[in-house]
Amino acid sequence: MLLEVKDLKMHFPVPGGIIFRRHVPPVKAVDGVDFFLRRRETLGLVGESGCGKSTLARAVLQLYKPTAGSVRLDGTELTALPPREMRKARQRMQMIFQDPYASLNPRMTVGAIISEPLRNFGVMRGKELRARVSELMEVVGLSPSFVNRYPHEFSGGQRQRIGVARALALNPDLIFADEPISALDVSIQAQVVNLLIDLREKFGLSYVFIAHDLSMVRHISDRVAVMYLGRIVETAGFNEIYREPAHPYTRALLSAIPIPDPNIEASRKRIVLPGDVPRPDQEFTGCRFRTRCSQAIPDCAATEPVLADLGKDHFVACLKPSA
Amino acid sequence: MAADSLMDGIPAAPVRGRSLWSDAWRRLLKNRMAVAGMVVVSAMTVVSLLAGLFSPFSPTMQERWIGARPPMYRHPTVKNEMRLKAGDPADLPEEALDPSAREAVLLVEAIERDEILRVTLKGGVIRALRIETGAESVESFGASGPTEYLNLLDDQDRPEGPRIPDATLAVGGKPPFDAPAGAEGKAVSVGVRWVKLAGTKPSEVNVSLSGGKVAGLTRDGSGIEALTVQGREVVSFMLDGREIAHTHILGTDQSGRDVLSRIIYGGQISLGVGLAATVVSLLIGVLYGAFSGYFGGRTDNVMMRIVDILYSIPFMFLVIILLVNFGRNIWILFIALGAVQWLTMARIVRGQVLSLKEKEFMEAARMSGAGHMAMVMRHLIPNTLGVVAVYTTLTIPAVILQESFLAFIGLTVQSGTGESKESWGALVNQGVQALGSGGERWWLLVFPSIAMAATLFFMNFLGDGLRDALDPQQKGKTA
Ligand SMILES: Nc1ncnc2c1ncn2[C@@H]1O[C@H](COP(=O)(O)OP(=O)(O)OP(=O)(O)O)[C@@H](O)[C@H]1O
Ligand SMILES: [Mg+2]
């Protein structure tokens, strides 16, 4: 097991009151998440905007200090590591960011951006470093002659490749790709996904690939985890979840994927969820999805469902799973 | 995956990237006012830096007999200090064979009765003063005692030897050598012979006239190293067949000092103070603001409260007290003015940093293992420099104005040697005082004011242009 996350919580305190302190409930962006990732496996993490996917990634990578829970990388507990050790552990985990515009320092050349991890960790320098940067640029499909250019001279897709090259620089085991394609044109999305797949084969990488709908993770994921309001509600192999979604929320997400065959597409029934996602600073009892669930039973308000094993790597957090 | 297909539209040849700076530079060049600002400000800076080359006179050179004269006033004169080539020692008269002896002959035109000619000597002893008027002898030569016409000055220009009274000359006869045409019959030549004292600097003879004109100057015997001639109203002076004349383009002040030269040297002080204080504020402000914003939380709170407290101190008052108590040292002024300005700089940089640190590239940097230093110095500060550059170009004129205010109220700064440095503010102040009831001496006020106003004006143009060029809203959209 490469990565094991148990009951991870990330609550953001909300400063309350201008003069007098009063109690304001924290934003529970991630509220008890369990998942695991095997070596050379890709987990697609799917959920609506604001459900806490980025926060989960950051909490796992210790960019935020998690409120509670455990994160183990190859058995090492990361949440307890002293800062110095944590810095070392970072070399094994990298991140590709959501916004290819904001994630590259506009004042640094591509070469400086890609080589930064190598220089910070003192891995190599001089000629060797330059050769490595060229190599990385070639690997992600950028011409090494662009090494002295600045990020704003590139298209979104090219910038995302720069981000990928930076993530690859330290030869990590694990890469969190936080919606690496949602800011890109549809025509370029496939190119970047294919690049990530190629790199996975070439370097034996493991990914947590974040997206906000299931169609985006279709080609890359071995397994999928569906997130709703700070929790994972269902996780299973991609084909399994595609064929037999157990959680009503997963079914709603699946119904939104267009089907290429026009005849089937015409008969596709979209499940439109009523209402809005509740605010993440709300106090909950029972199931978080029940306010929008068509199958909710009175019990849903009383008991909070936990991930239950349905076998075949399939877990669902629902009192009335439709499997 | 075909890598080449992605690079369509981008020629592979150019390897050098266009930084945001070069983009901004291009935008700046499109802005005419900013370009004008840049040209004027650079010109001002260059002229001030090379004041020695550009100013026609020394700003402290006084020609009191000229007084305040309007712009374009022209008076032919000898150079204030003129170096003459050393002649052949064999030409020396017999009595001057002493190797340290020097002699110069002045041709003075039309000295009237009772007019005064004074000879002073620095670093030497006058051996003889002889007056020749050609065939005829001098009608009268008055001196109050045989040795009293020696005025010996020591190195500090303090009279050392016996004082001389004024030598009174009367005119008559022909000069013994080639006098300028028309000078015959009314010129007199004055020979001064002196001996250099051992260990003294090159001698300098100072001849002043209360009347008449210096018509010529010749050397007799070995050369004179430096000779200063002052006349009340000196006619053209010929040297090697060329006329040497002074034109005071912007006039002179009451002490006969050249206004243009004083403005150029004043610019050196004003711009220098502006620049130095801004650099001080830049260094402190940028680092302070960047670290405060970067660490955030309690640290930020404390650091910014300190800034708030310093803000509330009436700094002008403090600067005045400092200057009055610790002497009008130019360094105190730099530090004091810089210390006021850094507060705003720190606030501006902190504000920038607060928004920048939320950017994803900061997280990316942390993932890349960057430490605090690298985060601040490599990632944050370079991204604030656009705003910093704009604010800097607006700080320089603000500091210039503050210094001018201080100078205007009389707190001029002094250099390390105690010599008073007169900035534009000081010149304006003197201009106001010298103006006269009907504004007769307007040029003393108008020109320094124009110099200062134009500089501030164009600096603000440049600052505005920079702000437009570095407009954060355009950042990232230029891809
Ligand atoms: N630093 C923070 N302080 C307070 N609240 C935060 C912070 N970061 C995120 N949140 C809140 O946590 C919730 C989850 O945010 P997050 O960015 O993780 O969502 P996401 O699933 O990545 O959404 P998207 O698909 O839009 O990227 C949001 O309600 C957000 O407002
Ligand atoms: Mg996100």
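Each value, and the rule that gives it
Residues numbered from 1 in each chain as written. Chains lettered and ligands numbered in written order. Predicted model: local features only at pLDDT ≥ 70, side-chain atom pairs only at ≥ 80, totals over all residues. Heavy atoms only, no water. Helix = DSSP H or I, 4+ residues; strand = E, 2+ residues; numbered from the N terminus. Rg over C-alpha atoms; globule rule 2.2 N^0.38 Å. Buried < 20%, exposed > 50% of the residue type's maximum accessible area, 1.4 Å probe, protein only. Contact = heavy atoms within 4.5 Å. Areas by Shrake-Rupley, 256 points an atom, 1.4 Å probe, with all protein chains shown as cover. Lys, Arg positive; Asp, Glu negative; His and termini not counted. Charge placed at Lys NZ, Arg CZ, Asp CG, Glu CD. Donors = N, O, S within 2.8 Å, 3.2 Å for Na, K, Ca; no water. pLDDT = per-residue confidence, 0-100. 1 Å grid on protein atoms, 1.4 Å probe; cavity = no way out; pocket = protein on both sides within 12 Å on 5 of 7 lines; lining within 4 Å. Points joined across faces, edges and corners; volume = space filled by probe spheres on them. Nonpolar A, V, L, I, M, F, W, Y, C, P; charged D, E, K, R; others polar. Pairing = 2+ DSSP bridges. Core = buried A, V, L, I, M, F, W, Y, C linked by side-chain atoms within 4.5 Å. Near = heavy atom within 4 Å. Polar contact = N/O pair within 3.5 Å; in protein donor to acceptor, adjacent residues only side chain to side chain. Salt bridge = Lys/Arg side-chain N within 4 Å of Asp/Glu carboxyl O. Phe/Tyr/Trp six-rings, centres within 6.5 Å; stacked < 30°, edge-to-face > 60°. Axes fitted to C-alpha atoms, helices over the stretch in contact; angles between N-to-C directions. Parallel < 35°, antiparallel > 145°, perpendicular 65-115°, else oblique. Left-handed = near helix turned anticlockwise from the far one by under 90°.

Quick notes on the overall build of chain A
Right, so step 1: The number of helices and strands found in chain A is 10 helices and 12 strands.
Right, so step 2: Relative to the compact-globule value of 20 Å for 323 residues, chain A shows a C-alpha radius of gyration of 21 Å, a close match.
Right, so step 3: Burial analysis of chain A (323 residues in total) assigns 55% to the buried set.
Right, so step 4: Contacts in chain A between residues far apart in sequence, at least 24 positions, make up 65% of those at least 6 positions apart.
Right, so step 5: Put simply, chain A shows about 14,100 Å² of open surface, and 53% of that area lies on carbon and sulfur atoms.
Right, so step 6: Here chain A contributes 43 positively and 35 negatively charged side chains, and the mean placements of these two sets differ by 5 Å.

A few points about the coordination of the magnesium ion (ligand 2)
Residue and element names in this part refer to chain A.
Right, so step 1: Looking at the magnesium ion (ligand 2), one finds its protein donor set to be Ser54 (OG) and Gln98 (OE1), positioned 1.8 to 2.6 Å from the metal centre. Here serine 54, found in helix H1 (residues 53–60), pairs with glutamine 98, found in the loop between strand E6 (93–96) and helix H3 (110–120); they are 44 residues apart in sequence, far enough to count as distant.
Right, so step 2: When its relative accessible area of 16% is taken as the criterion, serine 54 is described as buried.

Structural notes on the confidence of the model for chain B
All names here are of chain B.
Right, so step 1: Per-residue confidence for chain B averages 67 on the pLDDT scale, and 56% of its residues sit at or above 70.
Right, so step 2: Within chain B, the element-level pLDDT minimum falls on strand E7 (residues 167–169), averaging 33, and the maximum on helix H6 (residues 297–312), averaging 92.
Right, so step 3: Scored below 50 in pLDDT, residues 193–242 shows 177 contacts in the model against residues more than four places distant or in partner chains.
Right, so step 4: Here residues 474–479 is modelled with pLDDT under 50, and outside its nearest four sequence neighbours on either side it reaches 14 contacts, counting other chains as well.

Things to note about empty space enclosed by the protein
Residues and elements named next belong to chain A.
Right, so step 1: One pass over the full model with this rule turns up nine cavities of 30 Å³ or more.
Right, so step 2: In this structure, the largest cavity encloses a volume near 100 Å³.
Right, so step 3: Along the walls of the largest cavity sit Tyr228, Arg231, Ile232, Val233, Gly286, Cys287, Arg288, Phe289, Glu304, Pro305 and Ala317, which together make up its complete lining.
Right, so step 4: The dominant element in the lining of the largest cavity, judged by the number of residues it contributes, is strand E10 (residues 231–237), at three residues.
Right, so step 5: Its residues assigned to classes, the lining of the largest cavity comprises seven nonpolar, one polar and three charged.
Right, so step 6: Considered as a void within the structure, the second largest cavity measures approximately 80 Å³ in volume.

Here we look at the sheet that holds strand E2 (residues 27–37) of chain A
All names here are of chain A.
Right, so step 1: Reading across the sheet, the four strands line up as E2-E1-E4-E5 and stay open at both edges, with antiparallel pairing between neighbours. Because the sheet does not close on itself, it has two edges, and the strands there are E2 and strand E5 (76–77).
Right, so step 2: Both strand E1 (residues 3–12) and E2 contribute to a ladder of eight bridges, which runs antiparallel. Each residue of the ladder has a partner; that of phenylalanine 12, found in E2, is valine 27.

Regarding the nonpolar core
All names here are of chain A.
Right, so step 1: Core analysis: the biggest nonpolar cluster contains 61 residues, and Leu168, Phe209 and Leu214 have the highest contact counts within it.
Right, so step 2: Among the elements that line this core, the one with the most residues is helix H6 (residues 186–203), at six residues.
Right, so step 3: Excluding its chain neighbours within four sequence positions, the residues that come into contact with leucine 214 are Val46, Val224, Phe238, Thr250, Leu253, Leu254 and Ile257.
Right, so step 4: With 35 residues, the next largest nonpolar core counts Leu56, Leu78, Phe176 and Val208 among its residues.

Here we look at the site of ligand 1
All names here are of chain A.
Right, so step 1: Residues in contact with ligand 1 amount to 15 residues; listed here are only the nearest, Ser49, Gly50, Ser54, Thr55 and Glu179.
Right, so step 2: Glycine 50 places a main-chain nitrogen or oxygen 2.8 Å from an oxygen atom of ligand 1.
Right, so step 3: Separating an oxygen atom of ligand 1 from a backbone N or O atom of glycine 52 is a distance of 3.0 Å.
Right, so step 4: Compared with its free state, where it exposes 640 Å², ligand 1 has 66% of that area covered by protein.
Right, so step 5: Those elements giving two or more residues to the shell around ligand 1 turn out to be E2 and H1.
Right, so step 6: It is H1 that contributes the most residues to the shell around ligand 1, three residues altogether.
Right, so step 7: Here the shell around ligand 1 is composed, by residue class, of six nonpolar, six polar and three charged.

Some details on the environment of glycine 267 of chain B
Residue and element names in this part refer to chain B.
Right, so step 1: You can see glycine 267 is positioned in helix H5 (residues 259–295).
Right, so step 2: Residue classification places glycine 267 among the buried positions, given a relative accessible area of 0%.
Right, so step 3: It is 12 Å that separates the C-alpha atoms of glycine 267 and alanine 454, two residues lying 187 residues apart in sequence.
Right, so step 4: Those residues in contact with glycine 267 that lie beyond four places of it in its chain are Ser48, Gly272 and Trp424.

Brief notes about the pattern of salt bridges
Right, so step 1: What the rule picks out here adds up to 27 salt bridges over all chains.
Right, so step 2: Glutamate 179 of chain A is the salt-bridge partner of lysine 53 of chain A, the closest N and O atoms lying 3.6 Å from each other. Residue lysine 53 of chain A is located in helix H1, and its partner glutamate 179 of chain A is located in the loop between strand E7 (174–178) and H6; the two are separated by 126 residues in the primary sequence.
Right, so step 3: Using a relative accessible area of 7% as the deciding quantity, one classes glutamate 179 of chain A as buried.
Right, so step 4: The shortest N-O distance in the salt bridge between glutamate 360 of chain B and arginine 58 of chain A comes to 3.7 Å. With glutamate 360 of chain B in helix H9 (residues 360–367) and arginine 58 of chain A in helix H1, the pair connects residues from two separate chains.
Right, so step 5: Given a relative accessible area of 9%, arginine 58 of chain A falls into the buried group.
Right, so step 6: Residues participating in the shared-partner salt-bridge network are Asp31, Arg231, Arg288 and Glu304 of chain A.

Here we look at the packing of aromatic side chains
Right, so step 1: Within the structure shown, the criterion is met by 14 aromatic pairs over all chains.
Right, so step 2: An aromatic cluster is built from Tyr228, Tyr249 and Phe289 of chain A, whose rings are joined through pairwise contacts.

Digging into the sheet that holds strand E3 (residues 42–46) of chain A
Residue and element names in this part refer to chain A.
Right, so step 1: As summarised here, the arrangement of the eight strands in space is E6-E7-E8-E3-E9-E10-E12-E11, forming an open sheet in which the pairing is mixed. Lying at the two open borders of the sheet, with one neighbouring strand each, are E6 and strand E11 (308–311). Direction aside, the axes of adjacent strands within the sheet are offset by 20 degrees on average.
Right, so step 2: Note that E11 and strand E12 (residues 314–316) share three bridges and pair antiparallel. Bridge assignment links aspartate 309 to a residue of E12, and that residue is phenylalanine 315.
Right, so step 3: Strands in contact with helix H5 (residues 156–168) are E6 and E7; relative to E6, the strand with the most contacts, it is inclined by about 175 degrees.
Right, so step 4: Lying on the sheet, helix H9 (residues 248–255) is in contact with E3, strand E9 (223–228) and E10; it crosses E9 at an angle near 110 degrees.

What to know about the packing of helix H10 (residues 372–408) of chain B against helix H11 (residues 424–434) of chain B
Residues and elements named next belong to chain B.
Right, so step 1: Their axes nearest at 7 Å, the elements H10 and H11 cross at an angle of 40 degrees. Classified by the angle between their axes, H10 and H11 sit oblique to one another. Relative to H11, H10 is oriented so that their crossing is right-handed. Contacts from Ser404, Ala407 and Phe408 in H10 reach Gly425, Ala426, Val428, Asn429 and Val432 in H11.
Right, so step 2: Considered class by class, the residues forming the contact of H10 with H11 number five nonpolar, three polar and no charged.

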